[in-house]
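Chain by chain, the residues:
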Amino acid sequence: MDTIGVQDFLIVSVLLFSVGFLGVVLRRNLLLVLMSLELMLNAVNVALVAFSRHSANMDGSLFVFFIMTVAAAEVSVGLALLVALYKKRQSVFSEHLTMLKN
Amino acid sequence: MILSRNPVTAAMFMILSLVGVASLFVLLEAFFLAVLQVLVYAGAVMVLFLFIIMLMDVGPDSGKGAKLSKKRILSGFIALLGVGLLTVLTLEYSGVATVATDSADHWQDVTEETSAAGANIVFSKSVKSFGYGLFTKYMLPLQVAGFLLLAAMVGVIVLSKKTDDVDAHNKADGPSPGTTNPQSEEA
Amino acid sequence: MDITVGTLLLIPFVSAATILLFLRRNGKIASYVSVAAAGAILLLSLQIIFSETASSVPESGDTIADSGVTWLEIADFKVVADFRIDDPEARNESKALLFVVSFVGFLIHVFSLGYMADDAGKARYFGGLSIFMFSMLGITLADNLVLIFVFWELVGFSSYMLIAHYFHTKEASDASKKAFIVNRVGDFGFLIGIVLTYWIFGTVNLSELSQLMASDPARATTGIALALACGFIGKSAQFPLQVWLPDAMAGPTPVSALIHAATMVAAGIYLLARIDFLFTSEALSFIALLGAAMGLYAGFCALVQRDIKKILAYSTLSQLGYMAAAFGLGLEGVALFHLATHAFFKGLMFLGSGSVIHSCHHEQDIFKMGGLRRRMPITANTFLIGVLAISGVNFLSGYFSKDAILLGAYNLNLPVFVVLYLGAILTAFYMFRLYWIAFCGEPRSKHVAEAHESPSVMTGPLVILAVLSAFGGFEALWPETLFAAFHDDLHVVHGMPGHMWMVVLGTFAWVAGALGSRRLYGQVGNEDPLIEKAPALFQLCYSKLFFDEIYNFYVTSIQQRVARILEVLELLFISGLMVRGSAGVAGLFSLIGKSLYLGRIHGYAFWFLVGTVAFLAYAAGWFGHF
């Protein structure tokens, strides 16, 4: 392939997504889990913009804007929850957060 | 990023990858989004993360849980498997998608024109068309997003105000991870 | 709905509600409320009957269909319910029955004041009477089959409630259950008939139905007619559902007079008259034969009964058979005329028996009575008039109505005539038997010897009914609007040949019956003389052709077994497979769902991954292209 096509962007996107997912699964620290989530959202953004560019349509890019908004809101609320949780539990490790079970 | 045990290091790597994504946006001629990416993520979100990391004073991930247990190795393995599947599928899908449009590597020309409201908004580099799309076709979602941000703000304020109560309860109950007292939480 | 008609229906309803809700412990006030309601009904219905103006008669059928309340609407199925007296098809029939119901009903209410004076359950009794009046008026005035069916069930209910008035006796509670269940059998057929009618004609409104039938007479089917006639057979206790009526005599005597002689059982005939246009000739001749057979069969049963009320009950069955036969011959006007006169003289005789029973301390065995003619002259004489009327003594009311049926049968259907004529002789025979045994001779028990005449509140209705029984047959004495229902068919019969023959035969019938029973029962002891003279006949009659035994056998041996089998099937399939099975499936899903619920974030992350993979696989066309 001589030029960079939509497929290459998709590969980058899926790799980023995979890294994010591995982060969610493997990290115990909830801060890092949140970061990984952000990374996954970013991966989706890349794919969206690539498709948007590919089909010469603005909709994908506009969606990226909304995803960023939601991500920002999510991070702020998530971090606030994390802080509250930390104050209560003195821990940010996911294996300690099993109160829904039993 | 995900391999570093120190949260601060991880955050630094995260910033790196976010900037990388921004550069990808530039490559895709979505300049406004690239700027936004840097501003919102690197500028706001990551600062927030770092702030919290420092506030909580979380050290490197170590101690009992730090060692890779059999279970975590297994879960990592399964995750890798799933991710591999995902990659294969994506490639396959992109094949389908590009075949469907029958011009695999052909970027359509970018024009500066903007189309009528509600119709297909043609991709363009300009911020103007971006705003146009937002305030015509996506007016309602924009409002909803605004409300979402407002709700998030109120939620965060409430959560951080409540910490006083939680502190008071913590002093009474004592920190005891793993056990909860639902009534005290309700109060 | 006309406002007066609405009021007419509302009065007994309000009365019943007031009594049953507020006056349960206050029998005296309750009885006055109920009697006042009955009086108001009488006045109002007289006003409705006689205040016919031209404007109240709709010119065409369209105006009828438009009025009324949409009572029930399920998809295409729509029941527009209304109560009306001015239905052009059935105006005369409605009026005639309205008169009978309100008039006889009022007299029986008054009579009940005396009869039930010392009863503990007075309030319940009068509340029941009011419910009955309400439902009976509902049947009279309803303009469609569904509404008739609703009130049909309501009269069944009030009948059940009133038969079981002495519920502490096993006899009464059994009888009420029997009446209710046997009626259900008939009503089930009626219900099927209504559904079939709707299916075929698309409406249950009676006047619309009659218009449809008038435009296309070929649409009538024997099946629908007979299914609808099931309602009549159950309610009027015709063959083979006649078993409940004699047992229903366990209720208070005025109830027997009102419900089981004068009005409710006659509602079956009224129903037939309302739906007469649906009947094919086959269905009609079936009804005629059924009625004639009933007339004779019930006569034989009445021949050997000892209980004064059961004799009257069988006589009612027999007379209902006559009405059915008249209807089956196509002479529904005559049937209704006989209904009216029968309401008078049978109501009279039931009330007379009530008077006797009341003063003899609830002694109902006629062989323990005797000599009551001297002790209770008014009761005895009015009763005699009733006996004469039912036997068809010349120029009394029964003569006109019953002999009209006989004459019609003679000219239209000879087998039916023969059966009916035998029935007529029997009628005279057993009615005079009752009179000779109970009212003549010497008293045969202590209570009877001390009997005294009933109070005037009881004898008053007797006298009025006696007058009506005596003179109710003369057309000239009837108001024109009331007689209109009978007029046409009576004149058809009037124009038939064989008139003189009929007079001679009719006279012979009652004279033979009276003299024959005088010979046999003029002097009796405590036992029925027929037992010695014709034991075989007595046994045969006394067994009532084993109907009760057959039904018992059917219920215990066949129905129970089928029910057992059905129960097993029900346990296996409905309860086991469907109820438990579906619960089990839901439980299985919940188990699966529960196992997915790990309580750990990583677990959920994996599910997220599975979802993403599945989505992409779908997008890539792994599950087939979209």
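Bear in mind that the values here come from a model prediction, so they are computed numbers and not experimental data.

Side note on the overall build of chain A
Per the secondary structure count, chain A includes three helices and zero strands. Starting at the N terminus, the α and β elements of chain A follow one another as α-α-α. Looking at chain A residue by residue over its 102 residues, the buried ones come to 55%. By sequence separation, contacts in chain A at least 24 residues apart represent 49% of the contacts at least 6 residues apart.

Looking at the overall build of chain C
The helix and strand tally for chain C stands at 27 helices and two strands. The buried share of chain C, taken over its 626 residues, is 52%. Pairs at least 24 apart in sequence give 82% of the contacts found in chain C among residues at least 6 apart.

Observations regarding the interface of chain B and chain A
In this assembly, 69 residues from chain B lie in contact with 67 residues from chain A. Looking at the side of chain B that touches chain A, the elements with two or more residues in it are α1 (7-27), α2 (31-56), α3 (70-101), α4 (127-135) and α5 (139-173) of chain B. Ranked by residues supplied to the side of chain B that touches chain A, first place goes to α5(B) with 14 residues. Residues that form the side of chain B that touches chain A fall into these classes: 44 nonpolar, 19 polar and six charged.

With respect to the nonpolar core
Residues and elements named next belong to chain C. Ranked by internal contacts, the top residues of the largest apolar core, which has 206 residues, are Val100, Ile269, Ala325 and Leu420. For this core, the element with the highest residue contribution is helix α19 (residues 414-439), accounting for 19 residues. When near neighbours in sequence (up to four residues on either side) are disregarded, Leu420 contacts Ala292, Gly295, Tyr322, Ala325, Ile405, Leu406 and Ala409.

Quick word on unusual backbone geometry
With a phi close to 65 degrees, B:Glu29 is a non-glycine residue in the positive phi region. Inspection of the secondary structure assignment puts B:Glu29 in the loop between α1 and α2. With a phi close to 55 degrees, C:Ala237 is a non-glycine residue in the positive phi region. By the element assignment, C:Ala237 lies in the loop between α9 (222-235) and α10 (244-247).

Details of the packing of helix α17 (residues 377-391) of chain C against helix α21 (residues 456-471) of chain C
All names here are of chain C. One can describe the packing of α17 onto α21 by two numbers: an axis separation of 9 Å at closest approach and a directional angle of 30 degrees. Overall, the two elements α17 and α21 adopt an arrangement that is roughly parallel. Along this stretch, α17 crosses α21, giving a crossing that reads as left-handed. Contacts from Ile378, Thr379, Thr382, Ile385, Gly386 and Ala389 in α17 reach Thr459, Leu462, Val463, Ala466, Ser469 and Ala470 in α21. Counted by class, the contact of α17 with α21 contains seven nonpolar, five polar and no charged residues.

A look at the confidence of the model for chain C
Interpretation of the predicted coordinates at a detailed level should be avoided for regions scoring low in pLDDT. All names here are of chain C. A residue-level look at chain C finds 93% of positions with pLDDT of 70 or above and a mean pLDDT of 81. Taken together, the stretch residues 53-66 has pLDDT below 50 and engages in twelve contacts with residues farther than four places along the chain or on a different chain. Across the whole predicted complex the pTM is 0.63, and at the interface the ipTM reaches 0.84.

Regarding the packing of helix α7 (residues 170-201) of chain C against α9(C)
Residues and elements named next belong to chain C. In the contact formed by α7 and α9, the axes pass within 7 Å of each other and the chain directions differ by 150 degrees. In terms of orientation, α7 and α9 fall into the roughly antiparallel class. Note on packing geometry: the crossing formed by α7 with α9 is left-handed. Across the interface between the two elements, Val182, Asn183, Val185, Gly186, Asp187, Gly189, Phe190, Ile192, Gly193, Leu196, Thr197 and Ile200 of α7 pack against Gly223, Ile224, Ala227, Leu228, Cys230, Gly231, Ile233, Gly234 and Lys235 of α9. Here the residues of the contact of α7 with α9 sort into eleven nonpolar, eight polar and two charged.

Points about helix α5 (residues 122-141) of chain C
Taking 1.5 Å of rise per residue, 20 residues should cover 28 Å, and α5(C) covers 29 Å from first to last C-alpha, within 8% of that figure. α5(C) sits mainly inside the fold: 20 of its 20 residues count as buried.

Some points on the environment of C:Phe167
Residue and element names in this part refer to chain C. Within the fold, Phe167 resides in the loop between α6 (145-163) and α7. Take Phe167: there are 14 C-beta atoms within 10 Å of it, and that puts it in the partly exposed class. In the structure, Phe167 is positioned 83 residues away from Ala250 in sequence and 9.6 Å away in space, judged by C-alpha atoms. Setting aside anything within four residues of it in sequence, one finds Phe167 in contact with Ala172 and Ser173.

Brief notes about the confidence of the model for chain A
The predicted model of chain A averages 82 in pLDDT, with 88% of residues at 70 or higher. At the level of individual helices and strands, chain A shows its lowest average pLDDT in helix α1 (residues 6-26) of chain A, which scores 85, and its highest in helix α2 (residues 30-54) of chain A, which scores 88.

Concerning the environment of C:Met116
As for its placement among the helices and strands, C:Met116 is situated in the loop between α4 (91-115) and α5. Classification of C:Met116 as buried rests on a count of 23 C-beta atoms within 10 Å.

Cut-offs applied
- Residues numbered from 1 in each chain as written.
- Chains lettered and ligands numbered in written order.
- Predicted model: local features only at pLDDT ≥ 70, side-chain atom pairs only at ≥ 80, totals over all residues.
- Helix = DSSP H or I, 4+ residues; strand = E, 2+ residues; numbered from the N terminus.
- Buried ≥ 20, exposed ≤ 12 C-beta atoms within 10 Å, placed from the backbone.
- Contact = placed C-beta atoms within 7 Å.
- Nonpolar A, V, L, I, M, F, W, Y, C, P; charged D, E, K, R; others polar.
- Core = buried A, V, L, I, M, F, W, Y, C linked by C-beta atoms within 7 Å.
- Axes fitted to C-alpha atoms, helices over the stretch in contact; angles between N-to-C directions.
- Parallel < 35°, antiparallel > 145°, perpendicular 65-115°, else oblique.
- Left-handed = near helix turned anticlockwise from the far one by under 90°.
- pLDDT = per-residue confidence, 0-100.
- Expected span 1.5 Å × (residues − 1).

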